[in-house]
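If you want the building blocks of each chain, they are given just below.
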Amino acid sequence: MNLHLADAANDLARKEAETALATLRRWAATASEEELNSLDPAAARFLADDDYPALSNVYPADFDADAAYKTTLPDLQNGPAALIRGARRAIQHVGISNFRLPLRYHTRDNGDLTLETSVTGTVSLEADKKGINMSRIMRSFYGHAEKTFSFEVIEAALDDYKNDLESIDARIQMRFSFPMKVDSLRSGLSGYQYYDIALELIERDGVRLKVVHLDYLYSSTCPCSLELSEHARRTRGQLATPHSQRSVARLSVVVNEGKCLWFEDLIDMCRRAVPTETQVMVKREDEQAFAELNAANPIFVEDAARLFAERLIADPRVGDFRIVASHQESLHSHDAVSILTEGDTFVGKSLDPKLFNTLFHVG
């Protein structure tokens, strides 16, 4: 006796499908237009007329989307205000984040460098507009991608996509890792330190701001712990070591109009303010030197913020600024943090709940 279980199963599945389709069509015959419009598209296609043309499932590699054809394509993002969903309110920023491309930058010391760059581009959207064509931001930006970037080139890119999208306000932010060769303290070796830098151009109400963001990594030796360790040595002959930790300061500075602030200049300001920058190439003599350098520069997180501020205030190229510092404690299971702002640009009543998490740097 021969049993064809697979055929029996297929027949049963087909009958169930036909029953389900008949049920769907009976429901559709009495359903309202609103109910039909809310139906899952995958189910709705089964309600099409029987004479609906058969569709090809072969990719048409030779198809030419000519100008006439393109005019027939639907464009929901740029549709009428009647298509707006939710509250009819203006949106301050809408666009794209983290599209990447290699870009050239001027440097103070080593000519031009090509660096992988993450770009965020946004525009404002008026309350009566449905949306924007986000690919236009990328197309506008790529029009300048072969140039060596400066704030002037970024302004030209912002002008292009702001005009193309008929927007009032706009913003570009470009993030990259900037390499700079650093000498060891005593051994004569050198290696590349990498700095997280972001350039930001903001236009709001016709006013433009040029902002540079820099993350600076340093070691912070606790002054209190240093004194307590020395007390144990001096009074009890007890060996003790002060606690130190990797620390991060994020400096955000407005570049004054007509001024040029090199990346290297901002890094040099940080080094002069807090000289205990983390090291790249280290031999024993360098490690000993770093211990001595930390002992000569013990620092609380409050000290760090004020020392960075002192350098920024003294530089005529720098306008408003913000310093966010995090000392990622080796003594505690929490961090010590501070924020210092100068001017109105970075003042805010609310604090990003994840702000200090973003200052954590891994090797």
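Keep in mind that this is a model prediction, so the values were computed, not measured.

**Student:** Sorry if this is basic, but what is going on with the packing of helix α5 (residues 135–142) against helix α6 (residues 151–164) here?
**Tutor:** Helix packing geometry: the angle between the two helix axes and the distance between the axes. Where α5 contacts α6, the two axes come as close as 9 Å, and the packing angle between them is 145°. In the crossing of α5 with α6, the sense of the turn from one axis to the other is right-handed. Listed contacts from α6 to Arg 136, Ile 137, Ser 140 and Phe 141 of α5 are Ala 157, Asp 160, Tyr 161 and Asp 164. The class makeup of the residues in the contact of α5 with α6 is four nonpolar, one polar and three charged.

**Student:** Sorry, what's going on with the packing of aromatic side chains here?
**Tutor:** In this description, an aromatic ring pair is defined by two values, namely the gap between the centres and the angle between the planes. Inspection of every chain in the model, using the stated rule, returns twelve aromatic pairs. Between Tyr 105 and Phe 263 the ring centres are 6.4 Å apart and the planes differ by 65°, which places this aromatic pair in the edge-to-face class. Note that Tyr 105 is positioned in strand β1 (residues 91–106) and Phe 263 in helix α8 (residues 263–273), a separation of 158 residues in sequence. We classify Tyr 105 as buried; its relative accessible area is 1%. Among the residues examined, Phe 263 registers a relative accessible area of 9% and is labelled buried. Three or more aromatic residues joined by ring pairs make a cluster, and in this case those are Phe 99, Tyr 105, Phe 141, Tyr 142, Phe 149, Phe 176, Phe 178 and Phe 263.

**Student:** Help me understand the pattern of salt bridges, please; the structure alone is not making it clear to me.
**Tutor:** Oppositely charged side chains may form a pair once their charged atoms are brought near each other. Counted under the stated rule, the structure contains 19 salt bridges. The salt bridge partner of Lys 129 is Glu 126, with a shortest N-O separation of 4.0 Å. Relative accessible area serves as the criterion here: at 28%, Lys 129 is assigned to the partly exposed category. A salt bridge links Arg 208 to Glu 155, with the shortest nitrogen-to-oxygen separation between them at 3.1 Å. A residue pair is termed long-range when its members are at least 10 positions apart, and Arg 208 in strand β6 (residues 207–221) and Glu 155 in helix α6 qualify at 53 residues. For Arg 208, a relative accessible area of 25% gives the class partly exposed.

**Student:** Quick question: what am I supposed to make of helix α10 (residues 301–313) here?
**Tutor:** Each turn of an α-helix holds 3.6 residues, which means side chains three or four residues apart point in the same direction. If you check α10, its first and last C-alpha atoms are 18 Å apart, about what 13 residues at 1.5 Å a residue would give, namely 18 Å. Residues Val 301, Ala 304, Ala 305, Phe 308, Ala 309 and Leu 312 constitute the buried set of α10. When α10 is viewed along its axis, its buried side chains cluster within an angular range of 130° and face the same direction. Exposed residues lying more than 90 degrees from the buried face of α10 are Arg 306, Glu 310 and Ile 313. Residues of α10 that are buried sit in contact with β6, β7 (244–255), α8, β8 (318–327) and β9 (336–342).

**Student:** Help me understand a nonpolar patch on the surface in this model?
**Tutor:** Together, Phe 63, Tyr 69 and Leu 73 make up an exposed nonpolar region whose accessible area comes to about 300 Å². Within the element layout of this structure, Leu 73 appears in the loop between α4 (67–70) and β1.

**Student:** Please explain the layout of surface pockets as it appears in this structure.
**Tutor:** Approximately 600 Å³ is the volume found for the largest pocket. Considering the residues around the largest pocket, the lining is formed by 20 residues, among which Arg 322, Phe 346, Ser 350, Asp 352 and Leu 355 are closest to the centre. Within the residue set of the lining of the largest pocket, elements represented by two or more residues are β5 (190–204), β6, β8 and β9. A total of three residues in the lining of the largest pocket trace back to one element, the largest contributor, which is β6. The residue makeup of the lining of the largest pocket, split by class, is nine nonpolar, six polar and five charged.

**Student:** Where do I start with the side chain of Ser 220 in this structure?
**Tutor:** Within the secondary structure, Ser 220 is located in strand β6. If we ignore the near neighbours within four places in the chain, the residues touching Ser 220 are His 243, Ser 244, Gln 245, Ser 247, Asn 294, Ile 299 and His 327.

**Student:** What's the story with the sheet that holds β7 in this structure? I'm lost.
**Tutor:** In a beta sheet, neighbouring strands are held together by backbone hydrogen bonds and run either parallel or antiparallel to one another. As summarised here, the arrangement of the nine strands in space is β3-β1-β2-β4-β5-β6-β7-β8-β9, forming an open sheet in which the pairing is mixed. The open sheet terminates on both sides in strands that have one partner only, identified here as β3 (148–149) and β9. Across the sheet, α8 touches β1, β4 (170–183), β5, β6, β7 and β8, and the angle it forms with β4 is around 65°.

**Student:** I keep staring at the environment of Phe 178 and nothing clicks. Help me out?
**Tutor:** Inspection of the secondary structure puts Phe 178 in strand β4. Judged by relative accessible area, Phe 178 falls into the buried class, the value being 2%. Put simply, Phe 178 and Glu 264 are 86 residues apart on the chain and 9.5 Å apart in space, counted from C-alpha to C-alpha. Setting aside chain neighbours within four positions, we find Phe 178 in contact with Thr 107, Leu 113, Leu 115, Gln 193, Tyr 194, Tyr 195, Ile 197, Phe 263, Glu 264 and Ile 267.

**Student:** So what exactly am I meant to see when it comes to helix α9 (residues 284–296) here?
**Tutor:** The end-to-end C-alpha separation of α9 is 19 Å, in line with the 18 Å expected for 13 residues at 1.5 Å each. For α9, the set of buried residues is Asp 286, Ala 289, Phe 290 and Asn 294. Axial view of α9: buried residues confined to an arc of 140°, hence all on one face. Structural note: α9 exposes Arg 284 and Ala 296 on the side pointing more than 90 degrees away from its buried face.

**Student:** In this structure, what is going on with the state of the cysteines? I would like to understand it.
**Tutor:** Here is the idea: a disulfide is a covalent bond, and it sits between the sulfur atoms of two cysteines. A complete count under the given rule lists zero disulfides for this structure. The structure places no disulfide on Cys 222, whose sulfur is separated from the nearest cysteine sulfur, that of Cys 224, by 5.1 Å. Note on Cys 222: relative accessible area 12%, which makes it buried.

Criteria and thresholds
Positions within a chain are numbered from 1, following the residues in the order the chain's sequence is written. With pLDDT at 70 or above as the cut-off, local features in this predicted model cover only qualifying residues; side-chain atom pairs require 80 or more to be listed or tallied, and sums for whole chains, interfaces and linings still use all residues. Side-chain numbers come from the whole structure's heavy atoms, not from hydrogens or water. Think of each axis as a best-fit line through the C-alpha atoms, taken over the contacting stretch in the case of a helix, with angles from 0 to 180 degrees between the N-to-C directions. A run of H or I in DSSP counts as a helix once it spans at least four residues, and a run of E counts as a strand once it spans at least two, with each numbered from the N terminus. Should the near helix be turned counterclockwise from the far one by less than a right angle, the crossing is left-handed, whereas a clockwise turn marks it as right-handed. Residue contacts follow a heavy-atom distance rule, with two residues in contact if any of their heavy atoms lie within 4.5 Å. Ten residues, namely Ala, Val, Leu, Ile, Met, Phe, Trp, Tyr, Cys and Pro, are considered nonpolar, four, namely Asp, Glu, Lys and Arg, are considered charged, and the remaining ones, Gly among them, are considered polar. Note on aromatic pairs: the rings of Phe, Tyr and Trp (six-membered ring only in Trp) are paired at centre separations within 6.5 Å, and the planes decide the class, stacked below 30 degrees, edge-to-face beyond 60, tilted for the rest. When accessible area is computed with a 1.4 Å probe and restricted to protein chains, residues below 20% of their type maximum are described as buried, those above 50% as exposed, and intermediate ones as partly exposed. Note on definitions: salt bridges are taken to be side-chain nitrogens of Lys or Arg within 4 Å of carboxyl oxygens of Asp or Glu. For a helix, the expected span equals 1.5 Å multiplied by the number of residues minus one. This arc is built from the directions going out from the helix axis to the C-beta atoms. Patch building starts from residues that exceed 30% relative accessible area and form no salt bridge, then joins like charges within 9 Å and nonpolar side chains (Val, Leu, Ile, Met, Phe, Trp, Tyr) within 5 Å. Note on areas: these come from Shrake-Rupley sampling with a 1.4 Å probe, and a residue is covered only by the protein chains present in the view. For cavity detection a 1 Å grid was placed over the protein atoms alone, and a set of points counts as a cavity when a 1.4 Å probe fits there but cannot get out; an open set counts as a pocket when protein lies on both sides within 12 Å along at least five of seven lines, with lining residues being those that have an atom within 4 Å of a point. Grid points are joined across faces, edges and corners, and a volume is the space filled by probe spheres set on the points. By this definition, two strands are paired if DSSP reports at least two bridges between them. We call a pair of cysteine sulfur atoms a disulfide whenever their separation is within 2.5 Å.

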